[in-house]
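Report on the structure
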Amino acid sequence: MDLYVSESDHFMIKLRDIFKNYIHTYKEAETANAWLKSPNMQYWDQQLNFAMWATTTGCGVSIHDHLYNENIPAQIRSFFRFHVYFMTRRILNQLGCPLPDDTDVFDLNNNVFNEVEYHKICDEFGVDYNTDFRFSYDPSGNNGIGIGYQWYGGAAHIKHIQRKYQGSMLQIPDAEDEARRSYKWYKFQNADYRPYNYFILKNSAGFTQAGLGRLNRSIEAYIYCVLGSQADTRVSIVDSGGGAQETRQKMKALLEDEIRGINEDDSIPRYQNVINSTRVKLDLAISPSLWLLPSKMIINLNTNVAGYNNFLQQATENMKFGYNNINNEVKKPALEKMEGHTDPIKRPVLQRSLAVEDTTSSQMAPAGHEQPTRQWRGSVLEAPEHDILHEYATLGTLVGAILLTYLFI
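Residues numbered from 1 in each chain as written. Predicted model: local features only at pLDDT ≥ 70, side-chain atom pairs only at ≥ 80, totals over all residues. Heavy atoms only, no water.

1. A word on the sheet that holds strand β8 (residues 293–294)
Across the sheet, three strands lie side by side as β8-β7-β10; this open sheet has antiparallel pairing. Of all the strands in the sheet, the pair left with one neighbour each is β8 and β10 (322–323). When strand β7 (residues 282–285) meets β10, the two strands line up antiparallel, connected through two bridges. Residue pairing in the sheet places Ala 285 in a bridge with Gly 322 of β10. (Pairing = 2+ DSSP bridges. Helix = DSSP H or I, 4+ residues; strand = E, 2+ residues; numbered from the N terminus.)

2. A closer look at the packing of aromatic side chains
A complete count under the given rule lists 13 aromatic pairs for this structure. Ring geometry for Phe 80 against Phe 207: centres 6.1 Å apart, planes inclined by 40°, an arrangement best described as tilted. Here Phe 80 is found in helix α4 (residues 74–95), whereas its partner Phe 207 is found in the loop between β6 (184–189) and α6 (209–233), with 127 residues between them in sequence. Look at Phe 80 and you get buried, because its relative accessible area is 1%. Three or more aromatic residues joined by ring pairs make a cluster, and in this case those are Phe 50, Trp 53, Phe 113, Tyr 118, Phe 125, Phe 133 and Phe 199. (Phe/Tyr/Trp six-rings, centres within 6.5 Å; stacked < 30°, edge-to-face > 60°. Buried < 20%, exposed > 50% of the residue type's maximum accessible area, 1.4 Å probe, protein only.)

3. Let's talk about the nonpolar core
Among the nonpolar cores identified, the biggest contains 77 residues, and Trp 44, Phe 50, Ile 219, Ile 223 and Met 251 are the most heavily contacted of them. At the level of secondary structure, the elements contributing two or more residues to this core comprise α2 (44–55), α3 (63–67), α4, α5 (115–125), α6, α7 (242–260), α8 (267–278) and β7. Counting five residues, the second largest nonpolar core, distinct from the first, contains Tyr 26, Ala 32, Trp 35 and Ile 145. (Core = buried A, V, L, I, M, F, W, Y, C linked by side-chain atoms within 4.5 Å.)

4. Digging into the side chain of Arg 214
By the secondary structure assignment, Arg 214 is in helix α6. Once residues within four sequence positions are removed from consideration, Arg 214 is found in contact with Cys 59, His 83, Met 87, Ile 91, Gln 94, Ile 121, Glu 124 and Phe 125. (Contact = heavy atoms within 4.5 Å.)

Written out as structure tokens, the structure is:
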């Protein structure tokens, strides 16, 4: 997956492939007929089709407006593609469905799924439990089981033909095949044309109510995985060195945790924390009622900036789609505390008994006269104003007495 984290910065990341092993092969009439009989969520293709439908059509996310729209910012287009992968995986995890690379438990025709959770998701998106999520169109006209491959005569000769499947692997020969002695279908196989794409909305009329909740959860996961990995390694995810590779591996690990819903209750605080720790700015709007994203999802390593005065905020009607010139107030980094001190700029308090030797006390003062109290102001020991005036008056009396004595000598 190619993800843009700014207008021009992007990186590639390889995620678990949930789209492999999608092709069904039917070599027995029993399995082919069972698939054709009715929709059944035990089949992997129907599980995947349902999850893709909920993630896209169920949310109001479309191919032309969101996933492949070259007229929207690359970061937003990348987010929608992330949403499709992430939320499809989340729904499959909620259903308890093994994935194709879970080789010990995965079964193409009888895959595990949780029916109770399936009903919950159907209720969330307002879809009937019995909705048909089979892909029933294919070029061969065989209602989804695919193109027929026929074996005939002697050594194994196989060719594909467009003849319609009639419910049996044995076929009545036609004029073209009269000379051949054996007629039997070898297999039916749906072609690799990604039928799940047919369950994705082509054009959107807006996000659904259920979609807003799912999209907001995808935004939280997207920001947490991309920025959280950088916060952990302190290396930009778009660099080309080994540190960036480590960051991307960390992102994959965080993504798997998000898919499984580990620490689900604190998703919003974690979302806020990685924004603060990577010093990015929330300024990219997708739609009203959806969380804002950073237009540049690359860690800010400028130590002269502590971050921006961001707060978790949903886009509003007065914001424009894409970049908005908001949240520009820069927070300055706090002074680092000196070892052994709780406050680096707190001045020590000088005890009066150490600063001035005082042989008098309030107990020694005459009744009705209290000792004046001295106090620290900055670095100068000062007395109250009435105390200073008293000292000036006393000094003046002493000087006058000396002058009078001098005159009478």
